[in-house]
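Below are the chains, spelled out letter by letter.
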Amino acid sequence: MQFFSFWRSLASFRVRIALNLKGLPVEVIPVDIDAGAHRNDAYRKINPQMALPALVEDDGTTLFQSLAILEYLDEKHPSPPLLPADIKGRARARGIALMVACEGHPLLTPRVRRYLTGTLNLDQPRLQAWLTHWTTETLAALEARLSGDAETGRFCHGDVPTMADICLAGHVTFALMQQIDLAPYPTVKRVFDTAMALPAFAAAHPLAQPETPEGMRRK
Ligand SMILES: N[C@@H](CCC(=O)N[C@@H](CS)C(=O)NCC(=O)O)C(=O)O
């Protein structure tokens, strides 16, 4: 399998965690978003939406959208599962994952930032206000959900990691990079710390990748 990804991409981070949890080897093909490589013809052929990640199977099947990729990997390699065993639990775990992947993250992507600054002429302080606003909105929603539900355990749903934790990990990592204080979100922080203590999560961290810029790379 070829995994088209970028070290800093939160959606790539999700798929890296799932690949690690399931022990699946891939050939990583870095696509440098900062250099605009995701908008080149070569990558457009793989994903016309010009977003990372994409996973290309050995038979040429191209998979795109991180949550669709997680579901695919989970169906093809069921152990360990990325979703709870029961139908209600699956709906809840998917719902938490979508709170990040469908509501929060799209507002923070490079293409949105480019439009805000390049076309709408937002200055840096206002861009930062935008990023902080939508990041904390999602953190607050996650905190309310996790702290209020009896199904929350050591992880977002019970005591094993699911795709909900995979998505939460990326969002909190972004929040920390934005130097947002997690004190108002103690349940989110507890679940994040529990997840990131797992080798599959830690090894997938944006700052732990071979292509992470030298000065930023975690040793
Ligand atoms: N919903 C998509 C999000 C994909 C996405 O926006 N990826 C970002 C990196 S995390 C990207 O490639 N952005 C390029 C851009 O915004 O120009 C998924 O989950 O795969």
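Residues numbered from 1 in each chain as written. Predicted model: local features only at pLDDT ≥ 70, side-chain atom pairs only at ≥ 80, totals over all residues. Heavy atoms only, no water.

K.L.:
Sorry if this is basic, but what is going on with the domain arrangement of the protein here?
P.N.:
By a widespread convention, an interface's size corresponds to the accessible area lost as its parts come together. Assigned domains within the protein: domain 1 (2-80) and domain 2 (87-202). Using only C-alpha atoms to locate each centre, domain 1 and domain 2 end up separated by 20 Å. Counting residues at the interface gives 15 residues for domain 1, matched by 19 residues for domain 2. Summing both partners gives a buried area of about 1600 Å² for domain 1 against domain 2, and 72% of it is carried by carbon and sulfur. Along the contact surface separating domain 1 from domain 2 lie one salt bridge. Two residues, Arg94 and Glu71, come together in a salt bridge whose shortest N-O distance is 2.8 Å. The tally of links from domain 1 across to domain 2 stands at three residue pairs in polar contact (both at pLDDT 80 or more). For the side of domain 1 that touches domain 2, the secondary-structure elements that each account for two or more residues are helix H1 (10-22) and helix H3 (66-76). (Domains from an automatic or database assignment. Contact = heavy atoms within 4.5 Å. Buried area = accessible area lost by both parts, 1.4 Å probe. Salt bridge = Lys/Arg side-chain N within 4 Å of Asp/Glu carboxyl O. Polar contact = N/O pair within 3.5 Å; in protein donor to acceptor, adjacent residues only side chain to side chain. Helix = DSSP H or I, 4+ residues; strand = E, 2+ residues; numbered from the N terminus.)

K.L.:
Teacher, can you tell me more about helix H4 (residues 87-104) here?
P.N.:
Helical geometry note: an α-helix holds 3.6 residues per turn, so side chains three or four residues apart project in the same direction. With 18 residues, H4 should reach 26 Å at 1.5 Å per residue; the first-to-last C-alpha distance of 25 Å fits that figure. All of the buried residues in H4 are Gly89, Arg92, Ala93, Ile96, Ala97, Met99, Val100, Ala101 and Gly104. Those residues of H4 that are buried lie in contact with H1, H3, helix H6 (124-148) and helix H7 (163-177). (Expected span 1.5 Å × (residues − 1). Buried < 20%, exposed > 50% of the residue type's maximum accessible area, 1.4 Å probe, protein only.)

K.L.:
I tried to follow the side chain of Thr135 on my own but got confused; where do I start?
P.N.:
Mapped onto the elements, Thr135 comes out in helix H6. Setting aside residues up to four positions removed in sequence, Thr135 forms contacts with Leu108, His171, Phe174, Ala175 and Ile180.

K.L.:
Teacher, can you tell me more about the packing of H6 against H7 here?
P.N.:
Viewed as axis vectors pointing N to C, H6 and H7 meet at an angle of 135°, and their least axial separation amounts to 10 Å. Judged by the inter-axis angle, H6 sits oblique to H7. In terms of crossing hand, the pair formed by H6 and H7 is left-handed. Facing Leu131, Trp134, Thr135, Thr138, Leu139, Leu142 and Leu146 of H6, the residues of H7 in contact are Leu168, His171, Val172, Phe174 and Ala175. Of the residues belonging to the contact of H6 with H7, the class tally is nine nonpolar, three polar and no charged. (Axes fitted to C-alpha atoms, helices over the stretch in contact; angles between N-to-C directions. Parallel < 35°, antiparallel > 145°, perpendicular 65-115°, else oblique. Left-handed = near helix turned anticlockwise from the far one by under 90°. Nonpolar A, V, L, I, M, F, W, Y, C, P; charged D, E, K, R; others polar.)

K.L.:
Where do I start with the pairing of strand E2 (residues 27-30) in this structure?
P.N.:
Looking along a regular strand, one sees side chains alternate from face to face of the sheet. Direction of pairing for strand E1 (residues 2-5) relative to E2: parallel, over a ladder of four bridges. Counterpart to Phe3 in the pairing with E2 is Val28. The β-α-β motif built from E1, the intervening H1 and the parallel element E2 has right-handed crossover chirality. (Pairing = 2+ DSSP bridges. Right-handed = clockwise from strand over helix to strand, strands pointing away.)

K.L.:
Would you explain the pattern of salt bridges in this entry?
P.N.:
Any two side chains of opposite charge can pair, given that their charged atoms come close. By the definition in use, this model includes nine salt bridges. A salt bridge links Asp149 to Arg92; the shortest N-O distance between them is 2.9 Å. One end of the pair, Asp149, is in the loop between H6 and H7; the other, Arg92, is in helix H4, and 57 residues separate them in sequence. Comparing Asp149 with Arg92 shows no difference in burial state: the two are buried. In this structure, the salt-bridge partner of Lys189 is Asp193, at a minimum N-O distance of 2.7 Å. Remark: Asp193 and Lys189 occur in helix H8 (residues 186-196); sequence separation between them is four residues, near one turn of the helix. One continuous salt-bridge network, built from bridges that share partners, spans Arg92, Arg145, Asp149 and Glu151.

K.L.:
I would appreciate a short explanation of the sheet that holds E2 in the present structure.
P.N.:
The strands making up a sheet associate through backbone hydrogen bonding, with each pair oriented either parallel or antiparallel. Read across the sheet, four strands follow the order E2-E1-E3-E4 without closing on themselves; strand pairing throughout is mixed. For this open sheet the edge positions go to E2 and strand E4 (62-64), each flanked by a neighbour on one side alone. Each strand axis lies, on average, 20° off the axis of its neighbour in the sheet, ignoring direction. Judged from the three bridges that link them, E1 and strand E3 (residues 54-56) form a sheet pairing that is antiparallel. Paired with Phe4 across the bridge in E3 is Ala54.

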